[in-house]
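Overview (structure and organization)
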Number of protein chains: 2
Amino acid sequence: MLKNSEYFSRRGSIRQYKAERVSDEMIDEIIRQAAKAPTTGNMQLYSVIVTSSEEGKERIAGAHFNQPMVKGCSHLLTICADFNRFTRWCEINNADAGFDNPLSFISAMTDAVILAQQICTIAEMNGLGTCYLGTVTYNAAQIAEILELPELVVPVACVSIGIPAVEIPETERLPLEAFRYSEKYPRLSDGEITELYKAKDEYAPNKKFIEENGKQNLAQVFAEVRYPRAMNEEFSRTFMDFLKKSRFL
Amino acid sequence: MLKNSEYFSRRGSIRQYKAERVSDEMIDEIIRQAAKAPTTGNMQLYSVIVTSSEEGKERIAGAHFNQPMVKGCSHLLTICADFNRFTRWCEINNADAGFDNPLSFISAMTDAVILAQQICTIAEMNGLGTCYLGTVTYNAAQIAEILELPELVVPVACVSIGIPAVEIPETERLPLEAFRYSEKYPRLSDGEITELYKAKDEYAPNKKFIEENGKQNLAQVFAEVRYPRAMNEEFSRTFMDFLKKSRFL
């Protein structure tokens with residue numbers, strides 16, 4: 001029996017929050033402790049923009065397609081892959097900083113996502129609710145403009161934090177054997193893939209989801225309604241354009 | 001005072017492990033609980049390849065530049081951004097899967113890094129030691145070949161796990177105000193940047209590091225010795241080539 005199982009094996013994202021605010025001091029202490037998470041060469045290639053004012057939330061809500069977590073949360077954290085600060089420190093110290101390339105973006109993005117997840121874990125273990133907003137990469141350029149991000153800074157994760165107004169929702173996950181492989185990647189047959197997704201296909205709320213969307217099965221809901229090709233390709237173009245503008249590409 | 005502060009504010013990566021192995025069951029249970037971490041649209045766009053055999057570690061050690069954690073650990077976990085399994089499930093279900101694009105890679109990488117960090121947190125809270133190996137992205141193509149990864153699967157995080165043979169090392173971090181900004185990204189002066197990095201510049205082990213490398217300051221050690229431009233650019237090329245081969249680009 002692992003320690004803290006009751007938390008880790010039962011956690012879930014919280015999308016509705018009480019009006020009561022979390023203190024700025026608590027948010028700061030969560031970020032401070034989270035920053036002890038691993039980071040590439042201890043370079044801390046990230047920054048966290050905290051939006052807690054009503055005006056700030058108002059300004060950024062549209063970039064997140066007005067998802068209710070933005071205005072409903074206490075603090076909205078935009079976590080960025082950031083090689084700007086490090087590069088400036090290098091330049092001030094007469095060091096040749098060569099971080100305007102894709103590999104450096106990947107390193108900084110890794111640091112930023114690790115920090116984001118550590119923030120969520122600490123917040124949740126202290127009774128707060130959190131939720132990632134995937135829209136952060138869809139509208140990275142727009143968010144960068146609103147938050148006045150300089151070059152070599154790319155928003156890669158956005159987390160809303162607040163005091164939960166609802167219980168932790170039930171969520172299903174694939175069985176372990178679907179994604180944990182020994183020694184090498186297996187060659188699965190169609191029948192084996194179908195079997196691994198069977199419980200997900202048959203999960204009652206997912207069946208309802210299929211019906212509501214007028215599709216034949218859950219895979220079609222994901223691929224054709226929620227994450228259709230044209231949308232993925234359009235957001236790919238705008239994200240790559242923004243990476244170029246940011247000088248990582 | 002936050003819960004579990006004694007862990008979160010004192011954690012550090014462990015690079016040396018005892019010969020005693022962690023049980024496969026414990027590793028599986030850690031991965032199972034970690035999979036309750038947030039994931040894009042609950043798609044679980046990741047896979048974890050567990051290397052625990054001596055032969056497996058032998059085969060992959062070179063791709064990690066023979067860092068001692070590979071052969072010294074109990075279990076080596078290669079965590080991949082994976083749209084292959086999901087795409088196959090879509091195809092089997094006659095759904096048009098449009099995930100062969102950069103935005104889909106970014107989503108899957110986010111899922112994979114979140115999972116990796118959750119695995120590290122659960123492992124460490126249960127007394128195990130963990131360490132990320134950044135070499136995973138330097139040599140992604142070689143690692144993919146060794147682990148027989150199919151298209152739309154890219155290794156993005158690698159974590160060694162074992163029973164610690166050493167104490168948690170001391171590590172310094174930037175002060176909170178260096179990377180936590182309110183409402184928007186600040187325009188810092190050179191003097192302010194210098195001030196934020198001052199404690200790091202003056203940290204005794206870092207001073208020793210500067211001397212050992214024959215440089216004038218810490219920034220030069222990072223930019224010219226540890227992460228020089230030519231290396232970053234070379235690994236950028238190979239990583240982008242591999243993303244193309246994987247069909248994400």
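Residues numbered from 1 in each chain as written. Chains lettered and ligands numbered in written order. Predicted model: local features only at pLDDT ≥ 70, side-chain atom pairs only at ≥ 80, totals over all residues. Heavy atoms only, no water.

With respect to the overall build of chain A
Under the convention used in this document: The numbering of helices and of strands both runs from the N terminus, where a helix is a DSSP run of H or I of at least 4 residues and a strand a run of E of at least 2. The quantity called the radius of gyration is restricted to C-alpha atoms. Its globule counterpart is 2.2 Å times the number of residues to the power 0.38. The buried label applies to any residue whose accessible area, calculated with a 1.4 Å probe on protein chains only, is under 20% of its type's maximum; exposed applies above 50%, and partly exposed to all values in between. We call two residues in contact when some of their heavy atoms are within 4.5 Å. Computed by Shrake-Rupley with a 1.4 Å probe, the accessible areas treat only the displayed protein chains as cover when residues are assessed. Residues scored as charged are limited to Lys and Arg (positive) and Asp and Glu (negative), so that His and the chain ends carry no count. Lys charges are placed at NZ, Arg charges at CZ, Asp charges at CG and Glu charges at CD.
Along its length, chain A carries 13 helices and 5 strands. Taken over the C-alpha trace, chain A has a radius of gyration of 20 Å; the compact-globule value for 249 residues is 18 Å, and the two agree within 12%. With respect to the three principal axes, the spread of C-alpha positions in chain A is 60 × 45 × 40 Å. Scored against the burial criterion, the 249 residues of chain A give a buried share of 61%. In chain A, the share of contacts with a sequence separation of at least 24, taken over all contacts with a separation of at least 6, comes to 78%. When the accessible surface of chain A is summed, it comes to about 9900 Å², and 49% of that surface belongs to carbon and sulfur atoms. For chain A, the centre of its 28 positive side-chain charges and the centre of its 34 negative side-chain charges are spaced 2 Å apart.

Re the pattern of salt bridges
The line we're drawing: Salt-bridge detection follows one rule: a side-chain nitrogen of Lys or Arg within 4 Å of a carboxyl oxygen of Asp or Glu.
Applying the stated criterion across every chain, the model contains 34 salt bridges over all chains. Taking the shortest distance from any N to any O, the salt bridge between Glu 151 of chain A and Arg 247 of chain A comes out at 2.6 Å. Residue Glu 151 of chain A is located in the loop between α8 (140–146) and β4 (153–162), and its partner Arg 247 of chain A is located in the segment after α13 (229–245); the two are separated by 96 residues in the primary sequence. Between Lys 200 of chain B and Glu 172 of chain B there is a salt bridge; the shortest N-O distance is 3.2 Å.

A closer look at the interface of chain B and chain A
Counted only if it meets this: When two parts are put together, the accessible area they lose, computed with a 1.4 Å probe and summed over both, is reported as buried area. Here a polar contact is recorded for every N or O atom pair within 3.5 Å, except that within protein the pair must consist of a potential hydrogen donor and a potential acceptor, and residues adjacent in sequence are included only if both atoms are side-chain atoms. All amino acids are sorted into three groups, where Ala, Val, Leu, Ile, Met, Phe, Trp, Tyr, Cys and Pro are nonpolar, Asp, Glu, Lys and Arg are charged, and the leftover types, Gly among them, are polar.
Listed by partner, the interface residues are 115 residues for chain B and 115 residues for chain A. Buried surface at the junction of chain B and chain A, summed over both partners, amounts to about 10800 Å²; 58% is from carbon and sulfur atoms. Along the contact surface separating chain B from chain A lie 10 salt bridges. Of the charged contacts in the structure, one is a salt bridge between Asp 100 of chain A and Arg 229 of chain B, with a shortest N-O distance of 3.3 Å. At the boundary of chain B with chain A, the tally comes to 78 residue pairs in polar contact (both at pLDDT 80 or more). Here the element with the most residues in the side of chain B that touches chain A is helix α6 (residues 102–125) of chain B; it accounts for 14 residues. Split by residue class, the side of chain B that touches chain A holds 53 nonpolar, 35 polar and 27 charged.

Some words on the packing of helix α12 (residues 218–226) of chain A against helix α5 (residues 84–92) of chain B
Rule in force here: With axes taken as lines fitted to C-alpha atoms, and helix axes fitted only over the stretch in contact, angles between N-to-C directions fall between 0 and 180 degrees. In what follows, roughly perpendicular refers to angles from 65 to 115 degrees, roughly parallel to angles under 35, roughly antiparallel to angles over 145, and oblique to any angle outside these ranges. Crossing handedness: left-handed means the near helix sits turned counterclockwise from the far one by under a right angle, and right-handed means the same turn made clockwise.
Following both chains from N to C, one finds α12 of chain A and α5 of chain B inclined at 110 degrees, their axes separated by 8 Å at the closest point. The orientation of α12 of chain A relative to α5 of chain B falls into the category roughly perpendicular. The chirality of how α12 of chain A crosses α5 of chain B is left-handed. Judged by residue contacts, Leu 218, Ala 219, Phe 222 and Ala 223 of chain A of α12 of chain A engage Phe 86, Trp 89 and Cys 90 of chain B from α5 of chain B. Residues of the contact of α12 of chain A with α5 of chain B, tallied by class, amount to 7 nonpolar, no polar and no charged.

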